[in-house]
Amino acid sequence: MPEPQNVDVKDITPSAAVVTYTIPSSQVTVKEVELEINETESGTVRRIVRPALENGSVAIDDLKSGNVYTVRMRAIASDGRQSDLTSARAFTTSKFESL
């Protein structure tokens, strides 16, 4: 079962980010993607499941300003099989600037 490819984190703000990915062609129909978001400082892990798109993106909200996070993804087939998790991608949310 192929895992998501080209996983990247973009549009990072103090409280949100967007994870982009592609689903490689295969004989397996990928129905959903699961994101595992780890807040490094606290160790809190959150999971988000969304419908899979060939060239997709998933918005992550409710992040903390100035924190380091890692994100990993897996593909979930229509028959329930799951790919391995991708390698972790680290990113840091920007800090709120006081005026």
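You'll find the structure just up there.
If you're wondering where the values come from, they're calculated on a predicted model, not measured in any experiment.

*Asks:* Just give me the short version of the overall build of the protein, but keep the residues and values in it.
*Replies:* Counting its secondary structure elements, the protein contains zero helices and seven strands. Of the regular secondary structure in the protein, the N- to C-terminal order runs β-β-β-β-β-β-β. Seen through its C-alpha atoms, the protein measures out along the principal axes to roughly 55 × 25 × 20 Å. A burial count over the protein gives 36% of its 99 residues as buried. Put simply, of all contacts in the protein between residues at least 6 apart along the chain, 59% involve residues at least 24 apart. Here the protein contributes 11 positive and 14 negative side-chain charges, whose respective centroids are spaced 3 Å apart.

*Asks:* Lay out the packing of aromatic side chains with the relevant residues and their values.
*Replies:* In total, this model carries one aromatic pair according to the counting rule given. A ring pair is formed by Tyr-69 and Phe-91, whose centres lie 5.6 Å apart and whose planes are at 20 degrees; its orientation type is stacked. Of this pair, Tyr-69 sits in strand E6 (residues 68-77) while Phe-91 sits in strand E7 (residues 89-92); the two residues are 22 residues apart in sequence, bridging distant segments of the chain. Judged by relative accessible area, Phe-91 falls into the buried class, the value being 5%.

*Asks:* With reference to specific residues and values, describe the nonpolar core.
*Replies:* The nonpolar side chains of soluble globular proteins are, as a tendency, buried together. Counting residues in hydrophobic clusters, the biggest one holds 20 residues, and the most contacted among them are Val-19, Val-33 and Leu-35. When residues of this core are traced back to their parent elements, those giving at least two are strand E1 (5-10), strand E2 (17-22), strand E3 (30-39), strand E5 (55-60) and E6. The residues touching Val-19, leaving out its near neighbours within four places in the chain, are Val-7, Asp-8, Val-9, Leu-35, Gly-56, Ser-57, Val-58, Ile-60, Val-71 and Met-73.

The rules behind the values
Residues numbered from 1 in each chain as written. Predicted model: local features only at pLDDT ≥ 70, side-chain atom pairs only at ≥ 80, totals over all residues. Heavy atoms only, no water. Helix = DSSP H or I, 4+ residues; strand = E, 2+ residues; numbered from the N terminus. Buried < 20%, exposed > 50% of the residue type's maximum accessible area, 1.4 Å probe, protein only. Contact = heavy atoms within 4.5 Å. Lys, Arg positive; Asp, Glu negative; His and termini not counted. Charge placed at Lys NZ, Arg CZ, Asp CG, Glu CD. Phe/Tyr/Trp six-rings, centres within 6.5 Å; stacked < 30°, edge-to-face > 60°. Core = buried A, V, L, I, M, F, W, Y, C linked by side-chain atoms within 4.5 Å.

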